[in-house]
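# Architecture and fold: a report
Single-letter residue listing:
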Amino acid sequence: MSTFANIQKEYRYINLIIVFIILLSIYYLFFIVPPAQAVIYIDTIEKLQKIGKDSAYPLNGEYELTQDIDATATRNWNGGTGFEPIGDANAFTGKFNGNNKKIIGLYINTNNPAGGFVGLFAGIAEGGEVYNLGLENIDITEGSMYDVAIGGLAGVNLGTITQCYSTGTVDSYGGGREEAGTFVGGLTGINFGTITQCYSTGTVDSYGGGREEAGTFVGGLTGINFGTITQCHFKGTVNSSGGGPVTGGLIGINFGTITRCYSIGTVSSSGEFLLAGGLIGGNGGVLTLCYSSGSVSVSGITFASVGGLVGFNSISDEDSASQNCIISECYSTSFVNGEVSPGSEGDSGLLGGGLVGYNASTIQRCYSIGQVKGTGAQGASIQLGGLVGYNEGGTITSSYWNKTTSGLNTSDGGIGKTTNEMKQKATYVGWDFNNVWTIDDGQSYPYLRSLGPTQGIIDTIEEGNKEGMEGEGTVGEGNKEENKEGNKDLPEEPETNSCGCSSKSLKSNYWWKYLLDIFFFSLIISLISGMRKQEQMK
């Protein structure tokens, strides 16, 4: 057989191999690789309500808003109880892309005898994601006498919430039996997951909830946190009353990690055994690079601990120890006022501090400048401090308070300075003014580089309520505020495909990868074949 015939025969085999590879790849692409789940588009409140209730709208689906949704009609739904939370029986496990759109006027008014989770989503499960979503002018109320978690976006979150916001009113009354409790927040009631670049404005209330053994946990953003919250804030009013309320401008009680967050507004609490703070009511976790501004006031029976930033710093749950409670690189400009009256046994006590009311753990490189006041009935035990009201074995290092503006020359920890001294860089021993803090020496108090020059900007509660009622905001407003205030290192948004959905897994937009594999594999075979042909022709 001639050399030319041999070459023709060899190329016939090569072509058969290439055809086989192409057919095998097509089979793999369309029959082996599971097809991408189709995005379900939501453009009406009726379609939104179908999630988890209609087989075509599963709880593990992937959703995207295509336009702003008017939800004001929900006020007349279901006999006046309004919108039924998504996933009221089983938590949401899918992905919800708000697509920088908003839901306006969502109304929920429930009184479930068994309690439960209340919000746009009842619960977001581990692995579930909600992002780029705004809720404006919400009106959410829950009146159960049993345990309840209520939030504007979700009752409970175990997943990931990113670049979302809520404005309006979240209200709870009468909740919390002896064995359970009430958890109320502007965004989520309970957080076990991750919340990033989110905010809430408006009013968060909880009245008559909880008992001493159970408690009411109320925060402008979330009631109780076991997870991670980063670059979030609250502006507005937080109110609580009842047995054992723990109340904070941002978080009621924290067992997780809070970083680069702030709260501006009014916090008030009344009842027995109160813990209240401008940012966090009770801290059992890590708090760094945060601040609070506004006012914190309590009217307590028997006992109250109130702080401009944190009411009580040393709360442990079953899985944590008080030694892990850390407040670092934080400050407060909040006004603090406490009042306490005797309980049934005639005893009463009040602890109040410009930064922290009670501390048994770690405070480092912090300061406060707010006024601290407190009163009580005759015989009441009252201990006030410019920085810390009462320090029980905790460690306080390189932390300061303004003796002039606080009205106090004493504190159970920390170093008191005059206003002029508080505006001098040399005052703050061991502080990092290259990466963490900055100061206009002689002109301003220190402020955090990541949050910008905020001291002295003490927004009135009227402004916070105005934002909440008017609903003027966008999903990116939180990021714009952070950037405006000096934050230079915000994480970039994930890359998206044409539908605006995050491209994190194998989906139809990966078809080109398989064609490239086919092309390069075929090219390699052709090159090998060409080399063999040259050898045979020599």
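Residues numbered from 1 in each chain as written. Predicted model: local features only at pLDDT ≥ 70, side-chain atom pairs only at ≥ 80, totals over all residues. Heavy atoms only, no water.

### Some points on the pairing of strand 27 (residues 326–332)
For strand 27, a buried count of six out of seven residues is recorded, marking the element as mostly surrounded by other parts of the structure. Pairing of strand 25 (residues 286–307) with strand 27 involves six bridges; the strand directions are parallel. Opposite Leu-287, over in strand 27, you have Ile-327 as the bridge partner. As paired strands, strand 27 and strand 31 (residues 362–364) are joined by three bridges and run parallel to one another. When the sheet's bridge partners are listed, Ile-326 is paired in strand 31 with Thr-362. Where strand 27 meets strand 32 (residues 367–368), two bridges bridge the pair, whose relative direction is parallel. Bridging from a neighbouring strand, Ser-332 pairs with Ser-368 of strand 32. (Buried < 20%, exposed > 50% of the residue type's maximum accessible area, 1.4 Å probe, protein only. Helix = DSSP H or I, 4+ residues; strand = E, 2+ residues; numbered from the N terminus. Pairing = 2+ DSSP bridges.)

### A closer look at unusual backbone geometry
Of note, Asn-137 is a non-glycine position whose phi angle comes to about 55°, a positive value. Within the secondary structure, Asn-137 sits in strand 8 (residues 129–142). Accessibility expressed as a relative area gives 28% for Asn-137, which makes it partly exposed. You will see that Phe-273, though not glycine, has its phi angle at about 50°, which is positive. Note on Phe-273: relative accessible area 29%, which makes it partly exposed.

### Here we look at the packing of aromatic side chains
Throughout the structure, instances matching the rule amount to 25 aromatic pairs. Ring pairs connect the aromatic residues Tyr-262, Tyr-291, Tyr-331, Tyr-367, Tyr-400, Tyr-428, Trp-431, Phe-433, Trp-437 and Tyr-445, which therefore count as one cluster. Cation over ring: Lys-423 sits above Tyr-445, and NZ or CZ is 5.3 Å from the ring centre. (Phe/Tyr/Trp six-rings, centres within 6.5 Å; stacked < 30°, edge-to-face > 60°. Lys NZ or Arg CZ within 6 Å of the ring centre and 35° of its normal.)

### Quick look at the confidence of the model for the protein
The share of residues in the protein with pLDDT of 70 or more is 71%, and the mean pLDDT across the chain is 80. With pLDDT under 50 throughout, residues 530–535 is counted as low confidence; its partners more than four residues away or in other chains account for three contacts. (pLDDT = per-residue confidence, 0-100. Contact = heavy atoms within 4.5 Å.)

### Digging into the environment of Thr-201
Here Thr-201 is to be found in strand 15 (residues 199–209). When the C-alpha atoms of Thr-201 and Gly-265 are compared, they prove to be 9.5 Å apart, with 64 residues separating the residues in sequence.

### What to know about the nonpolar core
Leu-48, Phe-96, Leu-120, Phe-121, Leu-133, Leu-153 and Leu-287 are the most contacted members of the largest nonpolar core, which totals 79 residues. If one sorts the elements of this core by residue count, strand 25 sits on top with six residues. Those residues in contact with Phe-121 that lie beyond four places of it in its chain are Pro-85, Ile-86, Phe-92, Phe-96, Val-130, Leu-153, Ala-154 and Gly-155. Grouped together as the second largest cluster of nonpolar side chains are 18 residues, Tyr-331, Tyr-367, Tyr-447 and Leu-451 included. (Core = buried A, V, L, I, M, F, W, Y, C linked by side-chain atoms within 4.5 Å.)

### Let's talk about the pattern of salt bridges
Under the criterion given, the structure shown has six salt bridges. Close ionic contact of Arg-365 with Glu-329 constitutes a salt bridge, the shortest N to O distance being 2.2 Å. Highlighted residues: Arg-365 in the loop between strand 31 and strand 32 and Glu-329 in strand 27, separated in sequence by 36 residues. Ionic contacts of the salt-bridge type, sharing partners, join the residues Lys-53, Glu-84 and Asp-88 into one network. (Salt bridge = Lys/Arg side-chain N within 4 Å of Asp/Glu carboxyl O.)

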